[in-house]
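Overview (structure and organization)
The chain contents come next:
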Amino acid sequence: MRKNSEFAQVTTELFQRKGMKTDAQQASSMQDSATPGSKRVCFADLVGLKLEFVKTITPCSSEDNLTALADVVSAWKRTHYDINGNVSLGPRTKRLMPCFSPPSKSDGFMKRVFDQNVCLENIACENFVVTGIIRVTNLSYTKEVTVRCTLDDWDTYRDIWADFMSSCSNGKTDKFSFRISVPSDFELHRCMRFAIRYKVLNQEFWDNNNTKNYHVQCL
């Protein structure tokens, strides 16, 4: 017993020299650091409370409306397909497309102008509005240029006045511009047809695309 006591004393001295604590000193330090206000863990079932709480949520009317709306949108989407047969996000967008090449792109355009005294030069289609430029020979200062168009294959028609483009005259020819509005509910595959009339010196000259008229189709 004496040897054990001496060994413990020597061990304590060695720990103190190296700045270390023995197991007994560490336990004593931990007890001293504990404070009366330390937090304690308490389980709910030990104090008579439930360990779980379940709440059932019933969908409100707004959620019901959203579900119904989603069903309607889903059904609506199934009725619209793109060119590859895939479901489209909306109805197909219609557009107008000329069924002819711009006459000004042809090699004999100016010859055609002087041969018939009037010729369509260029055309553009955007948002169901057709705009174009007409070239006429300058036979007189006073002249009239109109575009005769139809939406029902000439059962009915109307004449649209073309406006003189003062900055585009070269002495031998003049340019006129026109604008035709097509109804937005124009049906697919239907055509708007037109021809150009040039009235000067009590004469009338026509450009009807070599008797075929000009066609603009809804696609």
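The rules we used
- Residues numbered from 1 in each chain as written.
- Predicted model: local features only at pLDDT ≥ 70, side-chain atom pairs only at ≥ 80, totals over all residues.
- Heavy atoms only, no water.
- Core = buried A, V, L, I, M, F, W, Y, C linked by side-chain atoms within 4.5 Å.
- Buried < 20%, exposed > 50% of the residue type's maximum accessible area, 1.4 Å probe, protein only.
- Helix = DSSP H or I, 4+ residues; strand = E, 2+ residues; numbered from the N terminus.
- Contact = heavy atoms within 4.5 Å.
- Salt bridge = Lys/Arg side-chain N within 4 Å of Asp/Glu carboxyl O.
- Polar contact = N/O pair within 3.5 Å; in protein donor to acceptor, adjacent residues only side chain to side chain.
- Pairing = 2+ DSSP bridges.
- Axes fitted to C-alpha atoms, helices over the stretch in contact; angles between N-to-C directions.

The protein goes by Glycogen-binding subunit 76A in an unreviewed UniProt entry, where it is assigned to Acropora cervicornis.

Overview of the nonpolar core
Residues Val130, Ile134, Phe178 and Phe194 are the most contacted members of the largest nonpolar core, which totals 28 residues. Elements represented by at least two residues in this core include exactly strand S2 (118–126), strand S3 (129–137), strand S4 (144–150), strand S7 (173–181), strand S8 (191–200) and strand S10 (214–218). A total of 5 residues in this core trace back to one element, the largest contributor, which is S8. When sequence neighbours within four positions are dropped, the list of residues in contact with valine 130 reads Leu96, Ile123, Ala124, Cys125, Phe178, Arg179, Ile180, Val182, Met192 and Val216.

Quick look at the pattern of salt bridges
Enumeration over the complete set of coordinates arrives at 8 salt bridges. For the salt bridge of aspartate 159 with arginine 148, the shortest nitrogen-to-oxygen distance reads 2.8 Å. On the criterion of sequence distance, the pair formed by aspartate 159 in strand S5 (residues 158–161) and arginine 148 in strand S4 is long-range, its members being 11 residues apart. Relative accessible area serves as the criterion here: at 22%, arginine 148 is assigned to the partly exposed category. Among the ionic pairs, glutamate 204 bridges to arginine 197, the shortest N-O distance being 3.1 Å. A network of salt bridges, in which partner residues are shared, links Glu121, Arg135 and Lys175.

Comments concerning the side chain of arginine 135
Checked against the element boundaries, arginine 135 lands in strand S3. Residue class for arginine 135 comes out buried when judged on its relative accessible area of 11%. Separated by 3.0 Å, the side chains of arginine 135 and glutamate 121 make a polar contact. A polar side-chain atom of arginine 135 sits 3.1 Å from a polar atom in the side chain of threonine 173. Every residue in contact with arginine 135, bar those within four places of it in the chain, is listed here: Phe109, Met110, Val113, Asn117, Val118, Cys119, Glu121, Asn170, Thr173, Asp174 and Lys175.

Observations concerning the sheet that holds strand S6 (residues 163–165)
Spatial strand order, S2-S3-S7-S6: 4 strands in an open sheet with antiparallel pairing. Since the sheet does not close on itself, it has two edges, and those belong to S2 and S6, each with one partner. Neighbour-to-neighbour, the strand axes of this sheet turn through a mean angle of 25 degrees, independent of strand direction. Packing against the sheet, helix H4 (residues 109–116) makes contact with S2, S3 and S7, and its axis sits at approximately 120 degrees to S2.

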